[in-house]
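Take a look at the letters that make up each chain.
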Amino acid sequence: MTAETVADHTRSVVQDFLQARLAGDTGRMVELFADDVDWLLAENPVVPWIRPRSTGAECAAQSAELADHTVPEDAAATLDTFLVDGTDAVLFGHLSGTVRATGKSFGGPFALRLTVENGRITRHHLYENSLSIAAACTAA
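Scope of this entry: the structure provided in the associated data block.

Conventions used here
Residues numbered from 1 in each chain as written. Predicted model: local features only at pLDDT ≥ 70, side-chain atom pairs only at ≥ 80, totals over all residues. Heavy atoms only, no water. Disulfide = S-S within 2.5 Å. Buried < 20%, exposed > 50% of the residue type's maximum accessible area, 1.4 Å probe, protein only. Helix = DSSP H or I, 4+ residues; strand = E, 2+ residues; numbered from the N terminus. Contact = heavy atoms within 4.5 Å. Salt bridge = Lys/Arg side-chain N within 4 Å of Asp/Glu carboxyl O.

A separate point is the state of the cysteines. Here, the word disulfide means a covalent bond between the sulfur atoms of two cysteines. Following the criterion strictly, the structure yields zero disulfides and no others. The cysteine C59 is free of any disulfide, with C137 supplying the nearest cysteine sulfur at 20 Å. Residue classification places C137 among the buried positions, given a relative accessible area of 15%.

And the structure:
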């Protein structure tokens, strides 16, 4: 496989993942995640959907857990940049939402690094404004 073909395949899998995520298709996300995933999202004990994960099913469930704890009509994400280099993809954008339990909003920039190997996502590293999210999850 040429480098261009590998990058095209990575882009295709990531686009499929983004579509499944937007649709809330947990079953498709489980298919797209590898059995074992290098998951990185800074732990935040006051945010119920942010926790360590390592299996494809756990990683796919994060989307549903986020939806359970936030107001769907207030959720928004924009994608500003989508870079692909071989098996790696990096996405930059902005996300925002409202925590259902507190009614408080959060928002900020994000960066997501994904690695695709053998047609499945093996790395998911998300960097986001965790301070804003934590503040939105606390009642005080």
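By the secondary structure assignment, T98 is in strand β3 (residues 88-98). With residues up to four places along the chain from it excluded, the contact list for T98 reads H69, T70, V71, D74, G103, K104, S105 and F106.

Before going further, it helps to examine the pattern of salt bridges. As enumerated under the stated definition, the model contains eight salt bridges in all. Between R120 and D35 there is a salt bridge, with its nearest N and O atoms 3.4 Å apart. Separated by 85 residues along the polypeptide, R120 in strand β5 (residues 120-128) and D35 in strand β1 (residues 33-40) bring together distant segments of the chain. Here R113 ties to D88 by a salt bridge, and the two come within 3.7 Å at their closest N and O atoms. Highlighted residues: R113 in strand β4 (residues 105-117) and D88 in strand β3, separated in sequence by 25 residues.

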